[in-house]
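Architecture at a glance
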Amino acid sequence: MKSIPAIIGAALLVTAGIVAPLLAAEIAQSARRSGYSFMTPDTQAIQNDDTANPGMLSVLDGASLWKDKAGALSKACADCHNDARVSMRGIAARYPAFDQALGRPVNLEQRINLCRVRHQQATPFAYESHELLALTAFVAEQSRGVAIETGADPQLEPFIAKGRDLFMHRQGQLNLGCTNCHDDNWDKHLAGSAITQGQPTGYPLYRLEWQSLGSLERRLRSCMAGVRAQPYDYGAPELVELELYLMSRARGMPVETPAVRP
Amino acid sequence: MNEKEAMREPDTSTRRQFLGLAGGAAALGAVPVLTLRPAEATPAMLATAIRNVTGAAVVKIGKVRLDIPPLVENGNTVPMTVSVTSPMTPDDYVKSIHVFNEKNPQPNIGNFYLGPRAGRGQISTRIRLADSQKIVAVAQLSDGSFWQTSVDVVVTLAACTDEVI
Amino acid sequence: MASALINVPAKAKRGEIIEIKTLMSHIMETGYRRTATGDLIPRNIITSFTCRYNGAEIFRADLFPAIAANPFITFFTIATESGKFDFDWIGDNGFTESASAFITVE
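Residues numbered from 1 in each chain as written. Chains lettered and ligands numbered in written order. Predicted model: local features only at pLDDT ≥ 70, side-chain atom pairs only at ≥ 80, totals over all residues.

Quick look at the pairing of strand E9 (residues 95-105) of chain C now. Residue and element names in this part refer to chain C. Across 2 bridges, strand E2 (residues 11-12) lies against E9 in parallel orientation. When the sheet's bridge partners are listed, Lys 11 is paired in E9 with Thr 104. Adjacent in sequence and paired antiparallel, strand E8 (residues 83-91) and E9 are bridged by 3 residues, among which Asn 93 carries a positive phi angle near 55°. (Pairing = 2+ DSSP bridges. Helix = DSSP H or I, 4+ residues; strand = E, 2+ residues; numbered from the N terminus.)

Here we come to the interface of chain C and chain B. Taken together, the 28 residues of chain C in the interface contact 36 residues of chain B. Of all the secondary structure elements, the ones that give two or more residues to the side of chain C that touches chain B are strand E4 (34-35), strand E6 (56-63) and strand E7 (72-78) of chain C. Element by element, the count of residues in the side of chain C that touches chain B is highest for E7 of chain C, at 7 residues. Grouping the amino acids of the side of chain C that touches chain B by side-chain chemistry returns 19 nonpolar, 5 polar and 4 charged. Judged from the 4 bridges that link them, strand E6 (residues 108-113) of chain B and E6 of chain C form a sheet pairing that is antiparallel. By the bridge assignment for E6 of chain C, Phe 112 of chain B is matched with Ala 61 of chain C. (Contact = placed C-beta atoms within 7 Å. Nonpolar A, V, L, I, M, F, W, Y, C, P; charged D, E, K, R; others polar.)

What follows is about the sheet that holds strand E5 (residues 205-207) of chain A. All names here are of chain A. The sheet built from 3 strands is open, its strands ordered E6-E5-E7 with mixed pairing. At either margin of the open sheet sits one strand with a lone partner, and together these are strand E6 (212-214) and strand E7 (260-261). Two elements, E5 and E7, share 2 bridges in a ladder whose sense is parallel. Across the sheet, residue Tyr 206 finds its bridge partner in E7, namely Val 260.

Note on placement: Leu 141 of chain B falls in strand E8 (residues 133-141). Sequence-wise, Leu 141 of chain B and Lys 60 of chain B are 81 residues apart; in three dimensions their C-alpha atoms are separated by 12 Å.

On to the pairing of strand E3 (residues 17-24) of chain C. Residues and elements named next belong to chain C. In this structure, strand E1 (residues 4-7) lies alongside E3, joined through 4 bridges in antiparallel fashion. In the strand pairing of E3, Asn 7 is matched with Lys 21. Sheet topology places E3 next to E7; 7 bridges connect them, and they run antiparallel. Residue pairing for E7: Ile 17 is matched across the bridge by Ile 78.

Our next topic: the confidence of the model for chain A. Chain-level statistics for chain A give a pLDDT mean of 91 and a share of 90% at 70 or above. Here residues 1-24 of chain A scores under 50 on pLDDT; set against residues more than four positions off or in separate chains, the count is 49 contacts. (pLDDT = per-residue confidence, 0-100.)

Before going further, it helps to spend a moment on the packing of helix H8 (residues 157-168) of chain A against helix H11 (residues 237-249) of chain A. Residues and elements named next belong to chain A. Following both chains from N to C, one finds H8 and H11 inclined at 95°, their axes separated by 7 Å at the closest point. Regarding the angle of H8 to H11, the classification is roughly perpendicular. For the pair formed by H8 and H11, the contact residues are Phe 159, Ile 160, Lys 162, Gly 163, Arg 164, Leu 166 and Phe 167 on the first element and Glu 238, Glu 241, Leu 242, Leu 244, Tyr 245 and Ser 248 on the second. A breakdown of the residues in the contact of H8 with H11 according to their chemical character gives 7 nonpolar, 2 polar and 4 charged. (Axes fitted to C-alpha atoms, helices over the stretch in contact; angles between N-to-C directions. Parallel < 35°, antiparallel > 145°, perpendicular 65-115°, else oblique.)

A few words on the sheet that holds E2 of chain C. Taking strand neighbours across the sheet as the criterion, the 10 strands line up as E2(B)-E9(B)-E8(B)-E5(B)-E6(B)-E6(C)-E5(C)-E8(C)-E9(C)-E2(C) in an open arrangement whose pairing is mixed. Edge positions in the open sheet fall to strand E2 (59-61) of chain B together with E2 of chain C, since each of these has one partner strand only. In the sheet, E8 of chain B pairs with strand E9 (residues 146-153) of chain B via 8 bridges, with the strands oriented antiparallel. Looking at E9 of chain B, one finds that Ile 135 of chain B is bridged to Val 151 of chain B.

The next subject is the domain arrangement of chain A. All names here are of chain A. One can read the domain layout of chain A as domain 1 (35-46 + 152-261) and domain 2 (55-141). The gap between the C-alpha centroids of domain 1 and domain 2 is 22 Å. Elements with a contribution of two residues or more to the side of domain 1 that touches domain 2: E5, E6, helix H10 (216-226) and H11. With 5 residues, the top contributor of residues to the side of domain 1 that touches domain 2 is H11. Classifying every residue of the side of domain 1 that touches domain 2 by side-chain character gives 15 nonpolar, 5 polar and 4 charged. (Domains from an automatic or database assignment.)

Encoded structure:
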């Protein structure tokens, strides 16, 4: 397990005065806002232009990887899935999805790795590796503009409930639950940064703070470190359940991958 | 600026505290990157850097417009546009644009060389700003004159600074 | 691996001022960051960017560590004739990348 890194500005969180009781009301469909709407026009402009958005560099890499032969079977994604613009459209909008063989939900990164192992007999890509991020960004970008519909499958119900519990429960040395900021205090500010609703509409996204593309799991781990909780490992069932809950909470909102965020 | 000046830590007690915390992290196998603030450029360094470009010439105020958000969303990536009022004809054009800062470790940000074929005396890029500071843009015109403008920018740290994966 | 995204209009009228946007994949490591153990991460940046239009240099830039990662540079030029734009990026550790784009000028 990774150790908790030093957090500069932890005192700022305390002075932000977030001590509200758990109000746990889900945001109404009409009030759902993407993180895009909380950004300054200058940052929005970076996302608006595909030739200015550094996330698109990863999408291009993913397009190339899509055609690369891999593994013992020397097969490319394209060999089974043909043109991603057709076969992958709408996929990211309903992920995480239930995997019958594993009996639990998997996110898009895990689905790509499962394909590599099961159908290409290739080694899975490491989490947050350039290749996995590029392929995930490429696949998710095919759903750009498609309304999110994650969680419709009844088999996912118990896992969405677990994800919801994870979103609600207080954790870490700062004893905060995701809901305290992202349900109860969005549109306010935390030390100069806007508090968004935490809608994961654009992942993997280019985060200015990272100066690189990163996954939702990376962002969730940062948030957990932010409240001084021990972050779950990449690929942990808790992170997938949380992602599943978050995506179902964002139902109706269009996919924006690759988004740009501050 | 020599190596020693670049490495100078102004606040030794803060540095010890950071290394102490990081030592624990390193022991457990994680080696995160800490974005400690290194030595800052000084106003004197800024003046010297500008003089390296302009020499003894008098730098006039005007003609240059520096578009940069007054309060940046994130200091790692700040969009910036510099535009110079100029007819941009073969006889009267912008030769170059030089951008400087006051408090990053180094005073230079970028030099951009245009010319009579540019059509418009304007460039855009994205820059890094370590702290709230003054940004200065200097343009050299084809007649050898120098023009400048400056803008004060406020930079805040992200609410929870992020470590490398 | 895709390194650059270039935005040049495919067509332009003679004498028209066109905007060229370039985006290059690069970490632009400043040389000022340190690891937790105190070791300096060495500088690794793009130092120079050049654009040639049918062989003639029309734009050049010197980049310093203060330029953000994945350098994004936009500039203008007058569309004079049909042909090719050549873009070159040079940087530390022998970094060199090129890209090109074509334009039809009526």
